[in-house]
Each structure stands twice: as C-alpha cells, then as structure tokens.
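Breakdown of the fold
Read off the chains here:
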Amino acid sequence: MNEKTVLERWTESLRVRILSFISRRTHNRVEMTRLAVYMVFTLLVIVGMPCHFLFHWVGGGQVVLHLISVAVWLTSIVILGLYIYNKVSLGRAFFWLVVVVQLLESLGLVYMVAIASPVPGSEMYQNIILNEMLCFMVFTLSCLGLLKWAPTSTFGIFLLALGLCHAIRPGALSVQFTRLFVFIMLCVWIYMIVERILLENTARELNEYRQFQDSVLGMFSMKRTEMVALVQLSRQMGEHKRLTQKMVGELSEQTRNNLIEFGNALWNQRLVNNADLKSAFPNLSPSELEVCRLVLEGLSQKEIAVKMDKSQSNIGTVRGNIRRKLGLNADDDLRESLTKRLMA
C-alpha cells in the first residue's frame, strides 16, 4: 500500500512538472504540437542511434557510417540541451535537428553508393533502402512539426543526395523505392505548403479576433464570462428564459446598473417613437414639442441646447413655458410628468 502511494505521488509530481514545462515553453496549440513532435523525434534519435553504432543491430558496419550515427546522436543531445536551458527557441532547435540529421543521413547515403555497387538483396542494398527510409522519416517529422522552412529544406537535401548518387553510380539506387519516396514526399511537401498558408491565415484571423475581443472587454471593463452571459441574456428566447437568473449572476454590479440605465433609455426611446406628442400636447408649439421629445429621451438641458443648436438659457425658457402650459408645480419632474401623460 505504501509503495503504491509513493508511486502515485511520484507520477503526480512528474505529471505536474511536465505540464508546467509545456505551459512555460508553449503559447498555443501549434507550439504544443511542435514540442511533442520534437521530443518524440529527439527520443527516437537518442534511443535508436546506439542500436547502429554501439550494438550493431541495424545498418552497415562501416566505420564512416558509425561515425555518422554518432554525429547524429551527439547533435540531438546538444540541441536538446540548448533548448532545455533556453539557449535556443523551440523552432530553431527543431529546425536545426531535422536539417542536420537529414544532411548527415544523406551524406551516409552518398557514401554507401560511392564505395560499392550494391546488388539487389545484398546487405549494402538493404542499408541504402534503410537510409532512404530514414531520410523520408526525417522529412515527415519536419512536416509534423509545422515549421515554415523545415519540409522544404529536408526535401531539398534529400533530392540533392539522390542527384549525387545518380551522378556517382546511376544504377546504385532502387528505382522503384526511390520513385515512391520522391513521389510521396513531393505530395506531402505540396500539401504542407497549402496547409501552412491556411494555418497562417487562420492564425492571423484568430489573432485579430482575439485583439478585437480584448479591446471590447477592456472598453466595458468586463470579463469574458460576463460578456458571454450578457450576450446570452440579449439573445435568449422562449423556454430558455428560465436561465435568466443564472446568467444574471455572472454580471457584476456595475454591469447590472448599466443594463438598467440602458433599458430605461430604450424604454424612453420606444415611448417617444410610439407617441404622438402633437396630439398629446396640442397647446405646445413645435419648438416646445421638440424639447419634450428630447427630455423624454433622457437628455439634459445642456445636451438639448447642443442638439438644437441653441443656448442653455433659451432651452430653460422653453422648459419653463412647457411647465406653465402643462400646469406643473415647481417640484414636479418634467420627464416623469410627460411620461405619465403619454401613458395615461
């Protein structure tokens, strides 16, 4: 029981550290995918290359090929160390790794073609096909990493190596395997170009939307959940109205007060639009009716003066005439009195 508890604690601690590392090193889904592919690729190189130069489980036994595998192995470790200690960014580390590995593996391919004329079925022939497969794998992982220039670079290095092999010994490579690899890599390369363009456009649109969203939230001093609740309150219909109280709970006190004022303004606007002021107040002049309309909309005396391009004293006189004609007392609110008479 104690051993299980210790194991669970260690697992939880490891999980927390991994999540913390990912959150510090990535900022979006694309970078998370790139980090995952980079770590898997690095792990494959670090674990897989000793199978060649140390244990001789795969690949040829030539010293040069072993040295190439050692160089690939050491390169992956050095780049990983530079990335872990924040000496290079994730994009640079990934790009350097795929380019160097592709360059070294292509060099091994050219070396094997140069030193011998492989016969189909021989060990050298199998090693050449294996090396082509490794180059294809590096290209595929560079595509999965969603880097801008990595697929083009690794594809170009592979094509250059094939050209050198053909120039050195035209019949050394398997025509069927080589054509298959080149065809698949060409299709994937074209797809990645299109995917990259679409990804950049999508990222740009999301960034513009995020900036717009942040500007709107900053303008109203609201949190995202509060804005969502406000939109839901504005759009809800029918049986969904039972959710009103729950959504209102998401709103701050300031937002509720703003909504109340906004609702009052809409109510006054509807009242003004639907009311026939001339029929309701036949003894008022057109200028006085216009002032009544602006008063009902909630405008102050100063705002009415600006709206009608008149002085505040003139508007004050008009308001006094309105109050006198309607028989209002000094303590009666003009806006409330107009509203009551329209609703009567």
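Predicted model, so just to flag it, every value in this text is computed and none were measured. (Residues numbered from 1 in each chain as written. Predicted model: local features only at pLDDT ≥ 70, side-chain atom pairs only at ≥ 80, totals over all residues. Heavy atoms only, no water.)

Broken down by element type, the protein carries 16 helices and zero strands. A sequence separation of at least 24 residues applies to 61% of the contacts in the protein between residues at least 6 apart. (Helix = DSSP H or I, 4+ residues; strand = E, 2+ residues; numbered from the N terminus. Contact = heavy atoms within 4.5 Å.)

Per the counting criterion, the structure on display carries five salt bridges. K325 serves as the salt-bridge partner of E288, at 2.9 Å between the closest nitrogen and oxygen. Taken together, the residues E288 in helix α13 (residues 286–296) and K325 in helix α15 (residues 312–326) connect sequence positions 37 residues apart. Judged by relative accessible area, K325 falls into the partly exposed class, the value being 32%. Note that R293 is salt-bridged to E290, the shortest N-O span being 2.4 Å. Here R293 pairs with E290, and both are found in helix α13, just three residues apart, close to one helical turn. For E290, a relative accessible area of 27% corresponds to the partly exposed category. (Salt bridge = Lys/Arg side-chain N within 4 Å of Asp/Glu carboxyl O. Buried < 20%, exposed > 50% of the residue type's maximum accessible area, 1.4 Å probe, protein only.)

A separate point is the side chain of S337. Of note, S337 is situated in helix α16 (residues 334–343). Looking at S337, the relative accessible area reads 14%, which means it is buried. When near neighbours in sequence (up to four residues on either side) are disregarded, S337 contacts L328 and D332.

A covalent bond bridging the sulfur atoms of two cysteines is what the word disulfide describes. On inspection of all chains with the given rule, the structure shows zero disulfides. Among the cysteines around C165, which has no disulfide bond, C135 carries the closest sulfur, lying 9.2 Å off. (Disulfide = S-S within 2.5 Å.)

Before going further, it helps to examine the environment of F177. Structurally, F177 can be placed in helix α8 (residues 175–220). Residue classification places F177 among the partly exposed positions, given a relative accessible area of 35%. When the C-alpha atoms of F177 and I129 are compared, they prove to be 7.5 Å apart, with 48 residues separating the residues in sequence.

All right, on to the packing of α13 against α15 then. At a minimum axis separation of 10 Å, α13 and α15 run at an interaxial angle of 95 degrees. It follows that α13 is roughly perpendicular to α15 by the angle criterion. Side by side, α13 and α15 meet where S287, E288, V291, C292 and V295 of the first sit next to V318, R319, N321, I322 and K325 of the second. Residue classes in the contact of α13 with α15 are distributed as five nonpolar, two polar and three charged. (Axes fitted to C-alpha atoms, helices over the stretch in contact; angles between N-to-C directions. Parallel < 35°, antiparallel > 145°, perpendicular 65-115°, else oblique. Nonpolar A, V, L, I, M, F, W, Y, C, P; charged D, E, K, R; others polar.)

Okay, unusual backbone geometry next. Although it is not a glycine, N86 adopts a positive phi angle of roughly 60 degrees. One non-glycine residue, D309, lies in positive phi territory at about 60 degrees. Mapping D309 onto the fold places it in the loop between α14 (301–308) and α15. For D309, a relative accessible area of 70% corresponds to the exposed category.

To continue, consider α14. If you check which residues of α14 are buried, you get I304, A305 and M308. The buried residues of α14 occupy an angular sector of 100 degrees when the element is viewed end-on, so they sit on one face. Those residues of α14 that are exposed and aimed more than 90 degrees away from the buried face are K302, V306 and K307. (Arc of directions from axis to C-beta.)

Our focus in this paragraph is the nonpolar core. With 48 residues, the main nonpolar core has Y38, F41 and Y83 as its most contacted residues. Among the elements that line this core, the one with the most residues is helix α5 (residues 90–115), at 12 residues. Sequence-distant contacts of Y83, defined by excluding residues within four places in its chain, comprise F21, R25, L35, Y38, M39, V88, S89, L90 and A93. L277, V295, A305 and M308 belong to the second-largest nonpolar core, a separate cluster that totals 20 residues. (Core = buried A, V, L, I, M, F, W, Y, C linked by side-chain atoms within 4.5 Å.)

For the rest of this paragraph, the subject is the packing of aromatic side chains. Within the structure shown, the criterion is met by nine aromatic pairs. Clustering of aromatic rings is evident, with ring pairs tying together F21, Y38, Y83 and F94. Positioned over the ring face of Y83 is R25, at 4.8 Å from the centre of the ring. (Phe/Tyr/Trp six-rings, centres within 6.5 Å; stacked < 30°, edge-to-face > 60°. Lys NZ or Arg CZ within 6 Å of the ring centre and 35° of its normal.)

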